[in-house]
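Report on the structure
The lines below spell out each chain.
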Number of protein chains: 2
Amino acid sequence: MTLPREGWARVLGVDPGLAATGYGIVEGDGTSARIVATGVIRTKARASKAERLTRIFEELGALIEEHRPATLAVEQQFVAENVRSAMVIGEARAVAIVAAGSRGLPVHEFTPTAVKESVAGYGGAPKEQVRQMVAVHLGVTLEELPGALDASDALAIALTRLADLRLEAALARRA
Amino acid sequence: MTLPREGWARVLGVDPGLAATGYGIVEGDGTSARIVATGVIRTKARASKAERLTRIFEELGALIEEHRPATLAVEQQFVAENVRSAMVIGEARAVAIVAAGSRGLPVHEFTPTAVKESVAGYGGAPKEQVRQMVAVHLGVTLEELPGALDASDALAIALTRLADLRLEAALARRA
């Protein structure tokens, strides 16, 4: 994979879910960034849970092989309606983690609040404002963003990691 | 992989956990069975969660490659102290599921009650009784069973699937 500019990095952001896993691959340096690929991996409710998790694992693996992101950023949710739904959330997240980890990618987890803070400047920002800021960061209009919230959430997560990478690079230059 | 007798199957049972994942590979026909391999995959608390999950994924993958079980049986727990611990349980379980699923193995989940019922004949059987019955099914003494409960739990889960396979084979002959 060749990045268009020196100092750019490519990040895979994932918003995991058993029925719908959003993904967004972005590249940039934290100042400017662009979408490489984005979408939603959907699984059928009539398939077994094992089949659904395996499908998410394989689709994410194929995306990593194709686009060669340097790192995975994933949403770390701590809130769930109940123990059972918490387990399902954990299951989908672990699949994303091992799809990346088994290919040597470092993994970073971000809470939804951290993502909102990084992308929209405010941890309590409403969903629509986050979407608008994601579009601004990626240099596209709101209409050009993928319609599915899972996909734009994944882009926001990827942008959060990209902003951290920029900070880390700045700190390294100062050291 | 060659099984010692016709009609025998080889099953991988997993009792998943982030710190300790028990595994037990058994082969047999539901009447008699023997241990192929058993143990515990332990991960270090100071490693990141992604590293720990990836290690479990890779160790289970290596066991599957080496011993070629036909199927995975995994404990399906629905009970957790809180939402956060439920997510961790889900994460470890999903890793076992995709380690098997991505290699084409069918996955079966069993509740702890179903395992106790199958192995000890009673869903409320205490742990020590389950261990004794696991030893009986596998033709070993209690002392020969692995000391770690995670490992003997995994053997119990594998035996549960083996008993189901026997039932399925009997039903197929009658059909």
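See the structure above.
Summarised in this report is the structure supplied together with it.

Calculation rules
Residues numbered from 1 in each chain as written. Chains lettered and ligands numbered in written order. Predicted model: local features only at pLDDT ≥ 70, side-chain atom pairs only at ≥ 80, totals over all residues. Heavy atoms only, no water. 1 Å grid on protein atoms, 1.4 Å probe; cavity = no way out; pocket = protein on both sides within 12 Å on 5 of 7 lines; lining within 4 Å. Points joined across faces, edges and corners; volume = space filled by probe spheres on them. Helix = DSSP H or I, 4+ residues; strand = E, 2+ residues; numbered from the N terminus. Nonpolar A, V, L, I, M, F, W, Y, C, P; charged D, E, K, R; others polar. Pairing = 2+ DSSP bridges. Axes fitted to C-alpha atoms, helices over the stretch in contact; angles between N-to-C directions. Contact = heavy atoms within 4.5 Å.

**A word on the layout of surface pockets**
Residues and elements named next belong to chain A. By volume, the largest pocket is sized at about 290 Å³. Contributions of two or more residues to the lining of the largest pocket are made by helix 3 (112-120), helix 4 (127-138) and helix 5 (149-174). A per-element tally of the lining of the largest pocket places helix 5 first, with five residues. Each residue belonging to the lining of the largest pocket can be placed in one class, and the counts come to eight nonpolar, two polar and six charged.

**Brief notes about the sheet that holds strand 2 (residues 20-28) of chain B**
All names here are of chain B. Judged by pairing direction, the sheet is mixed, and its five strands sit side by side in the order 3-2-1-4-5 without closing on themselves. Here the strands that pair on one side only, and so sit at the sheet edges, are strand 3 (33-42) and strand 5 (107-110). The mean angle between the axes of side-by-side strands here comes to 20°, regardless of whether they run parallel or antiparallel. Of the strand pairs in this sheet, strand 4 (residues 71-75) and strand 5 are connected by four bridges, and their pairing is parallel. Looking at strand 5, one finds that leucine 72 is bridged to valine 107. Packed onto the sheet, helix 1 (residues 49-67) meets strand 1 (9-15), strand 2 and strand 3 and runs at close to 160° relative to strand 3.

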